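In case you want the letters, here they are:
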Amino acid sequence: MSVFLLIIFFLFSLSYGGAKLKEVNLENGVKLIIKETKGRGIVAGSIFIKSGTHGEEKRGTSNLMARLLTKGTKTFSSYDIASAFEDWGGSIEASTADDYIYINFSTRPEGLEQGLRVIESILLEPTFPEEQLQVEKRRVIASIRSRREDGFELAMERLRLITYRGTSYEVAPEGREEDVEKVEREDLIKRWQQVLKGKNVVVAVVGDMPLEELEKRFRAVFSKLPSGEFNLRAEDKPIKESLVERVQREGAQATILCAFEGVPLNSPDFFALRVLNSILGDGMTSKLFSELREKRGYAYATYSMFPIKLYSPRVFAYIGTSPDKKESALKDLLWVVQEAEITNEDLELAKKKIIGGYLLDRQTRGRQAFQLGFWEVMGFGYKMDQEYVKHIENVRLEDVLKVRESLKKAHQCVVVEP
Amino acid sequence: MAYALAVQDLAKYKLKNGAILVVKHRDDTEAVSLQVWFKVGSIEENYQQKGMAHFLEHMLFNGSEKYPYGEIDRLVEGMGGRMNAGTSKEYTFYYITVAKPYWKPALEILYQLTQKPLLSEDMVEKEKPIVIEELRRGKDDPINLLWEEFEKLVYKASPYRHPIIGYEETISKFTRESLLEFFRNYYQPQNMVIVVVGDVEPSEVKSFVEETFGKEAGKPVKRAQYVPEPEQLENRFKEIKDKRLERAYWIIGWRVMPVAVKDYYALLVLDQILGNGRTSLFYKELVEKGLVYSVSSGDFARPRDNLFVISASFEPSRYKEVKERVMQILRELPQTLTDEEVQKAKQRIINSEVFALERVQREAYYIGYSLTVVGLLDYYLYFESNIRSVRKKDVLNVLEKYILSKPYSEILMVPEK
């Protein structure tokens, strides 16, 4: 084991040592993950509900529902809800990603009692007020439109339609304008009853409070949730053939965004693809940065991403370049992703990048809670938070080269050009 | 002689060559933030130099005496660290965040990066198209353009009216010589603040800094003559149409007191009451009532010719209504504001500091900003007690003196269909 890894493991053990982390499985199926920390007095948590936009009858329903969760309950007004957290310097927000709905909150230990009263009310007696629904619908529609003001967002909107066609991912959780218009208060109530099932709920809490105290308080609230399960339908959409779509937009730059086939979360090659993505597109030593920005001067920004989603895994690569360089930039971007040489040195560097970044990302209790809950809700189990480093370290060059075959099969690209 | 000041686990040293070092010891985290600040930003540039502070920031990553081009990136990423830099109108800073066993090599890298760059001719040429792409990327973003235009509207004489990134025509004429001249004047100990926050021993950091940064010779900095912005006597308005837009964006701003003077803290409390978070007046009255899609407020924390702004996005047809409602809220505040609301706002600001400082890099930034831009560590040290001392009448005084009785500048950007 390298010195680097010994150090990193040591640092991880400091934050995970002894009985500071606990898993509690409630009778209704809710999973609590609780971690005790020491610090200046902060408690932060993430409540995940595995669902996202899967099985929505009307697109955009889950997103509107999540936005309205913090806008009023039978007991608390929108202002009361915000005030319970903001008075302590913290915050509460609810939102929807493709695969889950989440509520993130943070407060000081002195504010937790009131915070939990509010959270209980949000979960068990939300009112989804009609007036706020109309306001939020207008805000969502404006946000859908304004995404098109940005070249990258416009490219991603078009690429989703191509690469995820026919699945729930083909449109972002906000939905399309015409979908949002149709959503009614009854839809939100129905959707909330559909997804708020004990087995779909994961709660991760990290705070400067004794473990037993946190467990007692969260157990009391979350035991009241209904039991049962909302099942997601598997929907994998492989990339069959290559294509490039061109979209016209006013502007000073061309945006190129391409999708490549990834590997599923449960694949033995999953961690190798994490490493490959880092080699290709994370940071100043990445292949995209060194080949396209430093050697060829095409761009200021170029990177790749491998978002973790339950189905239809994809790797995305992006470059923003001058309109006159767009054709060669596209050609060279594909070459970097699919062909450029990868060495052992690239591999080792990428691993360190991932592991170091992973550690640094955990400075706040809010991020720690989110990550613990995220691994659990995505099916890896919360212990992956600790095991991730080891999985990354075990990746070998041949694993990376093998998993790269998946990216070579085909590509789907959108070019936004003035 | 170096001297030290110890408050709250914080040690401040002045090195023999004039450089300042601040070390904040924290044992609640495994991460260490290392930052090197220089008091130079785009307001120091003459017209031919527009964009040079930012360009130089790029150039420093293109090779140094000890590390050839590319090597520093490999070293930092090999420690699992994160490195970057930023140029503003007042300062430029370089930082690495890394796990604590690596603080020494990381500091050595920052030393080489900021004190021993090669600034070679071919690298200057390599960097030009990259920076020009960055400039065009900014122009591609209507919101970025909106803020640039807003500063052009407010500032008629002050160098704040120019964008940090400069202009294509100035950037394309930079040479190794012009960059070196700029570098030698500003990137030296008398213009430098080094900040380290994390689980490190201050005396050990000091010794290490003395062996690296401490070896460089310091000399007085030749500063550009700052042209202050004359008093604004009339309301200003500008409308821009943009084909890429889907909704209207609006900024309205007033000239206010510099950062960290006595009544500045009352402005922060006013800002918290007006536009910060979902408990703010603007959120309640504008967002929740469906008048705007988003709204925020804040000041630029500038040491001269500071600005307080309110910005919002909404349907273009509602501009007049939004502006009238914002003005009405401001005008009515002296009658409606209660002591309790002021108390709550102060508590929110103080409590939210605890969250902000969870990240070591945030605390290091705060210290660096205090020393480099404000010129006083007191801004960081006594922030909480300064907020605590604000009274309702201070908040209303600030509102009257700087906002209600003064002209404003506003810019409206609407879709062109």
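Since the model is a prediction, treat every value here as computed from it, not as a measurement.

## Structural notes on the sheet that holds strand β9 (residues 248-256) of chain B
Residue and element names in this part refer to chain B.
- The five strands are arranged β8-β12-β9-β11-β10 in an open sheet whose pairing can be described as mixed. With one partner strand each, in any of the chains shown, β8 (236-242) and β10 (294-299) form the two edges of the open sheet. Mean inter-strand twist for the sheet, computed between neighbouring axes without regard to direction, equals 10°.
- By the bridge criterion, six bridges tie β10 to strand β11 (residues 306-314) in an arrangement that is antiparallel. Its bridge partner lying in β11, S297 is registered against I310.
- Of the strands in this sheet, β9, β10 and β11 touch helix α9 (residues 264-275), which is tilted by about 180° from β10.

## Thoughts on the pairing of strand β10 (residues 314-321) of chain A
Residue and element names in this part refer to chain A.
- Extensive coverage of β10 is indicated by the burial of eight of its eight residues.
- Residue alternation in β10 divides its side chains into two sets, R314, F316, Y318 and G320 and V315, A317, I319 and T321, and both sets are buried.
- Sheet analysis places strand β8 (residues 254-261) next to β10, joined by eight bridges and oriented antiparallel. When the sheet's bridge partners are listed, A259 is paired in β10 with F316.
- The sheet contact formed by strand β9 (residues 299-305) and β10 spans five bridges and is antiparallel. Bridge pairing in β10 places Y303 opposite Y318.

## Topic: helix α5 (residues 130-147) of chain A
Residues and elements named next belong to chain A.
- In this model α5 runs 26 Å from its N-terminal to its C-terminal C-alpha over 18 residues, within 8% of the 26 Å that 1.5 Å per residue would give.
- Residues Q132, L133, V135, E136, K137, V140, I141, I144 and S146 constitute the buried set of α5.
- Against α2 (61-69), α3 (78-86), α7 (177-182) and α8 (185-195) lie the buried residues of α5.

## Brief notes about the environment of F370(A)
- Mapped onto the secondary structure, F370(A) falls in helix α14 (residues 365-377).
- Residues within four places of F370(A) in sequence aside, it is in contact with S46(A) and N104(A).

## A closer look at the interface of chain B and chain A
- In this complex, chain B contributes 48 residues to the contact, which on the side of chain A involves 57 residues.
- Of all the secondary structure elements, the ones that give two or more residues to the side of chain B that touches chain A are α2 (71-78), β6 (92-99), α4 (121-139) and α12 (339-356) of chain B.
- When residues of the side of chain B that touches chain A are assigned to their parent elements, the largest contribution, eight residues, is made by α4(B).
- The residue makeup of the side of chain B that touches chain A, split by class, is twelve nonpolar, eleven polar and 25 charged.

## Observations concerning the packing of α2(A) against α8(A)
Residues and elements named next belong to chain A.
- One way to put it is that α2 packs onto α8 with a least axis distance of 9 Å and a crossing angle of 90°. One finds that α2 runs roughly perpendicular with respect to α8. In contact with T61, S62, L64, M65 and L68 of α2, α8 contributes D187, L188, R191 and W192.
- When the residues that make up the contact of α2 with α8 are grouped by side-chain class, the tally is five nonpolar, two polar and two charged.

## Considering the sheet that holds strand β1 (residues 21-25) of chain A
Residue and element names in this part refer to chain A.
- Taken in spatial order, the six strands make up an open sheet running β1-β2-β6-β3-β5-β4, and their pairing is mixed. The open sheet has two edge strands, β1 and β4 (91-96), and neither has a second partner. Across the sheet, the axes of successive neighbouring strands diverge by a mean angle of 10°, strand direction being ignored.
- Relative to strand β5 (residues 100-107), β4 runs antiparallel, the two being bridged by six bridges. Across the sheet, residue S95 finds its bridge partner in β5, namely Y102.
- In the packing of α2 onto the sheet, the strands contacted are β4 and β5, and the crossing angle to β4 comes to about 170°.

## With respect to the domain arrangement of chain B
Residues and elements named next belong to chain B.
- Considered domain by domain, chain B is made up of domain 1 (4-215) and domain 2 (236-415).
- On a C-alpha basis, the centres of domain 1 and domain 2 stand 28 Å from each other.
- Contact residues are listed per partner, giving 31 residues for domain 1 and 27 residues for domain 2.
- Going through the elements one at a time, β3 (20-25), β4 (31-38), β6, α5 (142-154) and β7 (192-198) are the ones with two or more residues in the side of domain 1 that touches domain 2.
- With seven residues, the top contributor of residues to the side of domain 1 that touches domain 2 is α5.

## Focus: the environment of I144(A)
Residue and element names in this part refer to chain A.
- Residue placement: I144 occurs in helix α5.
- Here I144 falls in the buried class, since 21 other C-beta atoms lie within 10 Å of it.
- Residues I144 and H54 lie 90 residues apart in sequence; the distance between their C-alpha atoms is 20 Å.
- With sequence-adjacent residues up to four places away left out, I144 is seen in contact with E174, R176 and E177.

## Things to note about helix α9 (residues 211-222) of chain A
Residue and element names in this part refer to chain A.
- Between the first and last C-alpha of α9 there are 16 Å, a value that for twelve residues agrees with the 16 Å anticipated at 1.5 Å per step.
- Within α9, the full set of buried residues consists of L214, F218 and F222. For α9, the angular spread of the buried residues around the axis is 45°, confining them to a single face. In this structure, α9 carries E212, K216 and A220 as exposed residues pointing more than 90 degrees from its buried face.
- Elements that come into contact with the buried residues of α9 comprise β2 (31-36) and β6 (201-207).

## Examining unusual backbone geometry
- Not every positive phi belongs to a glycine, and F128(A) is a case in point at roughly 45°.
- Mapped onto the elements of the fold, F128(A) is located in the loop between α4 (112-124) and α5.
- Given 23 C-beta atoms within a 10 Å radius, F128(A) is considered buried.
- Backbone geometry at A301(B) places phi at a positive 50°, although glycine is not the residue there.
- With respect to the helices, strands and loops of the structure, A301(B) is situated in the loop between β10 and β11.
- With 17 C-beta atoms packed within 10 Å, A301(B) lands in the partly exposed category.

## Here we look at the confidence of the model for chain B
All names here are of chain B.
- When pLDDT is averaged across chain B, the result is 95; 98% of the residues are at 70 or more.
- Note that residues 1-6 has pLDDT below 50 and, in this model, eleven contacts with residues that lie over four places away or in other chains.
- We note a pTM of 0.92 for the whole complex and an ipTM of 0.87 for its interfaces.

## Describing the nonpolar core
- Within the largest apolar cluster, 178 residues are counted, with the highest numbers of intra-cluster contacts made by I256(A), V275(A), L333(A) and V269(B).
- With near-sequence residues (within four places) excluded, V275(A) lies in contact with L347(A), A350(A), K351(A), I354(A), I392(A), V395(A) and V400(A).

## Things to note about the domain arrangement of chain A
Residue and element names in this part refer to chain A.
- Taken domain by domain, chain A comprises domain 1 (19-222) and domain 2 (243-417).
- Taking the mean C-alpha position of each, domain 1 and domain 2 sit 27 Å from one another.
- If you look at the interface, domain 1 gives 34 residues, while domain 2 gives 28 residues.
- Of all elements in the fold, only β2, β3 (43-50), β5, α6 (151-163) and β6 reach the threshold of two or more residues within the side of domain 1 that touches domain 2.
- Ranked by the residues each element gives to the side of domain 1 that touches domain 2, the list is headed by α6, at nine residues.
- Grouping the constituent residues of the side of domain 1 that touches domain 2 by class yields 18 nonpolar, nine polar and seven charged.

## Let's talk about the packing of α3(A) against α4(A)
Residues and elements named next belong to chain A.
- The contact between α3 and α4 brings their axes to 9 Å, and the two run at 145°. Of the two elements, α3 crosses α4, and the hand of that crossing is left-handed. Across the interface between the two elements, I81, A84 and F85 of α3 pack against Q114, G115, V118 and I122 of α4.
- When the residues that make up the contact of α3 with α4 are grouped by side-chain class, the tally is five nonpolar, two polar and no charged.

What counts as what
- Residues numbered from 1 in each chain as written.
- Chains lettered and ligands numbered in written order.
- Predicted model: local features only at pLDDT ≥ 70, side-chain atom pairs only at ≥ 80, totals over all residues.
- Pairing = 2+ DSSP bridges.
- Helix = DSSP H or I, 4+ residues; strand = E, 2+ residues; numbered from the N terminus.
- Axes fitted to C-alpha atoms, helices over the stretch in contact; angles between N-to-C directions.
- Contact = placed C-beta atoms within 7 Å.
- Buried ≥ 20, exposed ≤ 12 C-beta atoms within 10 Å, placed from the backbone.
- Expected span 1.5 Å × (residues − 1).
- Nonpolar A, V, L, I, M, F, W, Y, C, P; charged D, E, K, R; others polar.
- Parallel < 35°, antiparallel > 145°, perpendicular 65-115°, else oblique.
- Domains from an automatic or database assignment.
- Arc of directions from axis to C-beta.
- pLDDT = per-residue confidence, 0-100.
- Core = buried A, V, L, I, M, F, W, Y, C linked by C-beta atoms within 7 Å.
- Left-handed = near helix turned anticlockwise from the far one by under 90°.

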